[in-house]
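Analysis of the macromolecular model
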Amino acid sequence: MNKPKEISSFKDLRVWNTGRKVRQQISKLTGDFPKEEKFRLKDQMIRASRSVTANIAEGYGRFHYQENIQFCRQARGSLYELLDHLTCALDEGYLTKDRIETLNIEITSCLKLLNGYISYLKKAKQDHITKEPTIEYDTNH
């Protein structure tokens, strides 16, 4: 059985790494959008995808559970925003249903990890844990 990796940076968080994959996929996916969407839907999608990892990182750096939870909630909102933007891109005919299906699955996975991380932070706050040696995600949320 593999021993969980010690967390020493936000880059060690599974949820941040999953968000990073989503961000990379959004950048690639929006590359084919029409020129007139450069400062509209494309820009909003890129900003929302960057907001996910940025908020997870910023929350981690706050060293205060409640602030970390709040930044994770902001990241969660950005993930839902991305789901809506994907639907908009589908409705506008910029993307096919097949093309966004994998990304929808990846975003949903990231949401589950983020909800599990928030649950962990709430419990750690309640139990007065001062160090994050390992994180066990509850992805059933």
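Right, let's walk through the structure included here. These numbers come from a predicted model, not from an experiment.

A word on the environment of asparagine 55. Along the chain, the position of asparagine 55 falls in helix 2 (residues 41–61). Each C-alpha atom of the pair asparagine 55 and arginine 73 lies 8.6 Å from the other, and the pair is 18 residues apart in sequence. Those residues in contact with asparagine 55 that sit more than four places away from it in its chain are Phe71, Gln74 and Ala75. There is a polar contact of 2.9 Å between the side chain of asparagine 55 and the side chain of serine 51.

This brings us to helix 4 (residues 97–127). Its 31 residues give helix 4 an end-to-end C-alpha distance of 44 Å, which sits within 8% of 45 Å, the value for a rise of 1.5 Å per residue. At the exit of helix 4 stands histidine 128, carrying a positive phi of roughly 60 degrees.

Here we come to the pattern of salt bridges. If charged atoms from side chains of opposite charge come close, those side chains can pair. Using the criterion set out here, one finds six salt bridges in the structure. A salt bridge links arginine 40 to glutamate 37, with the shortest nitrogen-to-oxygen separation between them at 3.7 Å.

What counts and how
- Residues numbered from 1 in each chain as written.
- Predicted model: local features only at pLDDT ≥ 70, side-chain atom pairs only at ≥ 80, totals over all residues.
- Heavy atoms only, no water.
- Helix = DSSP H or I, 4+ residues; strand = E, 2+ residues; numbered from the N terminus.
- Contact = heavy atoms within 4.5 Å.
- Polar contact = N/O pair within 3.5 Å; in protein donor to acceptor, adjacent residues only side chain to side chain.
- Expected span 1.5 Å × (residues − 1).
- Salt bridge = Lys/Arg side-chain N within 4 Å of Asp/Glu carboxyl O.

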